[in-house]
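The chain contents come next:
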Amino acid sequence: MRNIRRIIKKLAYGGVIAVGGGLVVATYVYPKFVVTKRKFPTVQATGSQPQYATAPLPTREQMLASLQKDEFDILVIGGGATGAGVALDAVSRGLKMALVEKYDYSSGTSSRSTKLIHGGVRYLQKAVFNLDIEQYRMVKEALNERANLIEIAPHLAYPFPIMLPIYKWWQVPYYWFGIKMYDLVAYNQLLKQSYFLSKGKALELFPMLKKDALVGALVYYDGQHDDARMNIAIAITAAKMGGTLANYVEVLNLTKSEDGTVNGAKVRDRLTGKEWFVKAKCVINATGPYTDAVRTMDRENVKKICQPSQGVHVVLPGYYSPDKMGLLDPATSDGRVIFFLPWQNVTLAGTTDVACDVSDYPTPSENEIQFILQEVRNYLNPDVEVRRGDVLSAWCGIRPLVSDPNKGDTQSIARNHIIEVSEDKLVTIAGGKWTTYRHMAEETVDKAVEVCGLQPASGCRTKGLVLDGSHGWTATLFIRLVQDFGLDIEVAKHLSNTYGDKAFKVAKLATLTGKRWPVTGKRLHDEYPYLEAEVRYAVREYACTAIDILARRTRLAFCNVHAAEEALPKVIEIMSEELKWSKARQQEELADAKIFLRREMGLELRGASQNVPINFTKDEINLYIKRFKSLDRDNKGYITVNDLRRYFKKMGERVSEDQMHDILNEVDLTKNAQVDLGEFLQLLAALKRGHHMLPTRRFGRFNLLIKSDSDY
Ligand SMILES: Cc1cc2nc3c(=O)[nH]c(=O)nc-3n(C[C@H](O)[C@H](O)[C@H](O)COP(=O)(O)OP(=O)(O)OC[C@H]3O[C@@H](n4cnc5c(N)ncnc54)[C@H](O)[C@@H]3O)c2cc1C
């Protein structure tokens, strides 16, 4: 029966392929024509661009003063991608707008995405097979926005190839058809043409891919970006164009006029506790997962529309993926899609999809991390052992999935965004995705203008409106940074790709290294290109806390939570100089950031044995410390692979270099190629309780190391 079903399935796919054959053939010829002629939409906001590009950025204090005295056309609640997009749309139409964000820009879901700018290959598959025109339009719209985003912030967003490995011959035409359709739907916004790779070529490009049964791979293009920086760039652009934006200002409640229309909000500055009212003709709720919390401020018993679901990402070292190619697993063991992507010199793997409660502190769970690691293992060569201890950080975002309140069935999740206008004229924009933030903003401001009777100077101008940092940027700008400032090339590339033409301003703040080369640019952490100077620069761009720096202004916490913890004291020291923090504030910042790293970035979720209590008798402790010291011959305070090599040689045990390397890596919880006393005791505690991480063959060797009574 199963065989028959499989044959029918193949025939069905064959039919689809036959029908689409002509179409597909056309895509081979057609994109070549289109790509060469590809032209992004013309920039409509040309007139105002040079002025705002050089405009000074108002200080947060100036923004707060404006929020307290001015009256606005629009007040936006929420400074994620959606809210910042609405702010930019409104201000570029000549509307007087304000935006308040209760934490930092992008601190919610918008900094925790998969970093893809995509149309959604999966949705297109549904559109084609279910002949669903709504899905098709959604993909089409997202593909247009994908091109626009790369055009308006070329330093931050770029075309990015993703490989889809194929392990069954019959899937080749099936996926090939789907991917070619994706190219075709992109039409004149196609980034680059997709292509098929033979098995050999696929392995050449992605050597860590599982070889067995691999028949080839398809490569298609989407976009990738630094989501938090993109969000900040949108907010900064809005601020430079005359918008009033303030982070760490929370809406506590909505205010209404006598006829019950929403006409502003009561807000609180979370840094000082000061409260006041902001007046606006129209209030827009762009609070992502908090959509219903703000709708409830309007009408207490309003029917909820947000069904939050959390998605976890696991970060692995960069060597797990090739530099410039991602991987897509289109059907995981439970039917989800998993991406495996190089990003900022690390590898992102994710994501999950689990119903959750809305929280300011989304926390990844060990189960989700294990699930992702298992899925990754399924795709990689068994030689590449994906270990729990390799996880550099793990974080989680909450999808603001919404059901359409205008449809009777509130159980069904809207596939796209929804815009709701309440009886009291609170405008809510919810759902959608990062990629489509601009289009969502355009429709939202159109709606606000219509229902609140606003008088904009023009229609929407954000298509092609380049973002702050893009005006003078070129792909070779980093060379000038190296030449003019004596910066390390990796650092120069990072600054150029983060700040665009503003990289020069950051570089000017860079201090001397005291070395012959690089001349300037002290790093926050040796392993990452983030500079101390970026902390000072970020303060000028409204960073208020150490978490802002670690999580969003640099991406250190997202890339490597241990490195972030190590850089934390330096971040606090620099911010204290810039913001004149008292000793008490410094302590508070340290404590808050440590909680953040533990709770939200996976600091506490290291190796399994770390959770094992160290429960030794005094004699055992003394014995184990003695053993540690005897291994650590040179009294370095840690054991290295050399110490292990020496030990096994002395004991007459034949242990290969690979086994030695494995043993060290399994025990080395912090992944610094050294086992300190704490890690050593953790391992012994785990072994004592029979709760060890090592596979039996390696465990045997280690057990010998521990049980042996002889000093050597
Ligand atoms: C795991 C995951 C992966 C994803 N990957 C992708 C991807 O690769 N590509 C893509 O296009 N999309 C992706 N998405 C979707 C995308 O990230 C979201 O759709 C988008 O970030 C939502 O932005 P937002 O501004 O609506 O919400 P948020 O970013 O959450 O912003 C809402 C803001 O409102 C603020 N706020 C809440 N209440 C108040 C209040 N009372 N006063 C003031 N401020 C308030 C919050 O602090 C928050 O900053 C992903 C989503 C998830 C969860």
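Right above here is the structure, for reference.
Heads up: these notes are all about the structure in this document.

Reading the values: the criteria
Residues numbered from 1 in each chain as written. Predicted model: local features only at pLDDT ≥ 70, side-chain atom pairs only at ≥ 80, totals over all residues. Heavy atoms only, no water. Helix = DSSP H or I, 4+ residues; strand = E, 2+ residues; numbered from the N terminus. Contact = heavy atoms within 4.5 Å. Areas by Shrake-Rupley, 256 points an atom, 1.4 Å probe, with all protein chains shown as cover. Phe/Tyr/Trp six-rings, centres within 6.5 Å; stacked < 30°, edge-to-face > 60°. Lys NZ or Arg CZ within 6 Å of the ring centre and 35° of its normal. Near = heavy atom within 4 Å. Polar contact = N/O pair within 3.5 Å; in protein donor to acceptor, adjacent residues only side chain to side chain. Buried < 20%, exposed > 50% of the residue type's maximum accessible area, 1.4 Å probe, protein only. Arc of directions from axis to C-beta. Pairing = 2+ DSSP bridges. Axes fitted to C-alpha atoms, helices over the stretch in contact; angles between N-to-C directions. Parallel < 35°, antiparallel > 145°, perpendicular 65-115°, else oblique. Left-handed = near helix turned anticlockwise from the far one by under 90°.

**What about the overall build of the protein chain?**
Then step 1. Each helix and strand counted, the protein chain has 25 helices and 22 strands in total.
Then step 2. The contacts of the protein chain with a sequence gap of at least 6 include a subset with a gap of at least 24, amounting to 73%.
Then step 3. Accessible surface, the protein chain: about 30,200 Å² in total, of which carbon and sulfur atoms supply 53%.

**Re the packing of aromatic side chains**
Then step 1. Taken as a whole and judged by the stated rule, the model has 10 aromatic pairs.
Then step 2. Above the face of the Tyr167 ring, Lys210 is positioned so that its terminal group lies 5.4 Å from the ring centre.

**Focus: unusual backbone geometry**
Then step 1. Residue Gly350 is joined to Thr351 through a cis peptide bond whose omega torsion reads 20°.
Then step 2. Locating Thr351 in the fold gives a position in the loop between β14 (346-350) and β15 (354-355).
Then step 3. Cis geometry marks the peptide bond from Trp517 to Pro518; its omega dihedral reads -10°.
Then step 4. Structurally, the position occupied by Pro518 is in the loop between α15 (503-509) and β19 (523-525).
Then step 5. The residue Ala213 is not glycine, and still its phi comes out positive at about 70°.

**Notes on the site of the ligand**
Then step 1. Looking at the ligand, there are 38 residues lining it, with Thr82, Glu101, Ser110, Leu116 and Thr435 nearest.
Then step 2. Contact between the ligand and Lys102: a nitrogen atom at 3.1 Å from a main-chain N or O atom of the residue.
Then step 3. Here Thr435 contributes a side-chain N or O atom positioned 2.6 Å from an oxygen atom of the ligand.
Then step 4. When isolated, the ligand has an accessible area of 1,000 Å², and the protein chains bury 95% of it.

**Some thoughts on helix α3 (residues 60-69)**
Then step 1. Restricting attention to buried positions, one finds in α3 the residues Arg60, Met63, Leu64, Ser66 and Leu67. Each buried residue of α3 sits inside an arc of 160° when the element is viewed along its axis, so together they form one side. Residues of α3 that are exposed and point over 90 degrees away from its buried face: Glu61 and Lys69.

**Section: the pairing of strand β9 (residues 262-269)**
Then step 1. Alignment of strand β8 (residues 249-256) against β9, held across seven bridges, turns out to be antiparallel. When the bridges of β9 are listed, Asn253 appears paired with Lys266.
Then step 2. The sheet contact formed by β9 and strand β10 (residues 275-285) spans five bridges and is antiparallel. Counterpart to Arg268 in the pairing with β10 is Glu275.
Then step 3. The turn linking β9 back onto β10 is made up of five residues, and Gly273 within it adopts a positive phi angle of 85°.

**Regarding the packing of helix α19 (residues 561-579) against helix α20 (residues 583-600)**
Then step 1. At a closest axis distance of 10 Å, the pairing of α19 and α20 adopts a crossing angle of 160°. One finds that α19 runs roughly antiparallel with respect to α20. As α19 runs across α20, the sense of the crossing is right-handed. Residue-level inspection shows Val561, Ala564, Glu565, Leu568, Ile572 and Ser576 of α19 in contact with α20, the latter providing Gln586, Glu589, Leu590, Ala593, Lys594 and Leu597.

**Here we look at the side chain of Thr237**
Then step 1. Note on placement: Thr237 falls in helix α9 (residues 227-240).
Then step 2. Thr237 has contacts with Tyr52, Leu88, Val466, Leu467 and Asp468, leaving out every residue within four places of it along the chain.

**Focus on helix α16 (residues 532-540)**
Then step 1. Counting buried residues in α16 gives eight out of nine residues, a clear majority hidden from the surface.
Then step 2. Regarding α16, the residues found buried are Glu532, Ala533, Glu534, Val535, Arg536, Tyr537, Ala538 and Val539.
Then step 3. Buried-residue contacts for α16 involve α14 (489-499), α15, β19, β20 (528-531), α17 (546-553) and α19.
Then step 4. In the stretch just after α16, Tyr542 is the one whose phi turns positive, near 80°.

**Remarks on the environment of Asp329**
Then step 1. Assignment of secondary structure puts Asp329 in strand β12 (residues 326-329).
Then step 2. As for Asp329 and Pro165, which are separated by 164 residues in sequence, their C-alpha atoms are 7.6 Å apart.
Then step 3. Among all residues touching Asp329, those that are not within four sequence positions of it are Arg336, Val337, Ile338, Glu375 and Tyr379.
Then step 4. Here Tyr379 takes part through its side chain, which lies 3.2 Å from a polar atom of the side chain of Asp329.

**Describing the pairing of β14**
Then step 1. Within β14, five of the five residues are buried, which leaves the element mostly enclosed by the surrounding structure.
Then step 2. Covered by surrounding structure in β14 are Val346, Leu348 and Gly350 together with Thr347 and Ala349, the residues of both alternating faces.
Then step 3. Relative to β14, strand β11 (residues 309-317) runs antiparallel, the two sharing five bridges. Within β14, the position partnered with Val314 by the bridge is Ala349.
Then step 4. Bridge count for strand β13 (residues 338-343) against β14 is five bridges, and the pairing is antiparallel. Each residue of the ladder has a partner; that of Phe340, found in β14, is Ala349.

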